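# Per-entry structural report
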Amino acid sequence: LSLEAEAGWLKIIFKMFQNGKTGVYKISTKALQNLWRKSAEETKEIIGELLDANVCIIDVNGKDCVFKNRRMMRQHDISEKRSKAVQTRYT
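No experiment lies behind these values; they were computed from the predicted model shown.

### Digging into the pattern of salt bridges
Counted under the stated rule, the structure contains 3 salt bridges. Of the charged contacts in the structure, one is a salt bridge between lysine 38 and glutamate 4, with a shortest N-O distance of 2.9 Å. With lysine 38 in the loop between α2 (29-36) and α3 (40-52) and glutamate 4 in helix α1 (residues 3-18), this residue pair connects regions lying 34 residues apart in the sequence.

Shown next, in the form of structure tokens:
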């Protein structure tokens, strides 16, 4: 990855971490441009680079982008299963 794409991905990971560690982060394309401080064309290039490198799952639907971090999603699912197992154990 280029330095710009790597920095952009890290910013998305930080936002995911702040929003509950679910591994999914939805953001409008305009807000994404503001977050990365890039133009619309540069933002598209970074998204394309992240997709080409298979870093994450990105769904672009018109004005919204949904970033999915496979590892964080897997960890969140495991945590939920363990939490449910503990709850059923003591009831």
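After that view, the rundown keeps rolling.
### Considerations on unusual backbone geometry
One non-glycine residue with positive phi stands out, namely arginine 37, at about 55°. Among the structural elements, arginine 37 can be located in the loop between α2 and α3. For arginine 37, a relative accessible area of 69% puts it in the exposed group. A positive phi angle, close to 55°, is found at asparagine 54, a residue other than glycine.

### With respect to the packing of aromatic side chains
One pass over the full model with this rule turns up 1 aromatic pair. Ring centres 6.3 Å apart and planes at 70° place the aromatic pair tryptophan 36 and phenylalanine 67 in the edge-to-face group. Placement of the pair is tryptophan 36 in helix α2 and phenylalanine 67 in strand β3 (residues 64-68), with a sequence separation of 31 residues. This pair shows no difference in class: tryptophan 36 is buried, exactly as phenylalanine 67 is.

Procedures and definitions
Residues numbered from 1 in each chain as written. Predicted model: local features only at pLDDT ≥ 70, side-chain atom pairs only at ≥ 80, totals over all residues. Heavy atoms only, no water. Salt bridge = Lys/Arg side-chain N within 4 Å of Asp/Glu carboxyl O. Helix = DSSP H or I, 4+ residues; strand = E, 2+ residues; numbered from the N terminus. Buried < 20%, exposed > 50% of the residue type's maximum accessible area, 1.4 Å probe, protein only. Phe/Tyr/Trp six-rings, centres within 6.5 Å; stacked < 30°, edge-to-face > 60°.

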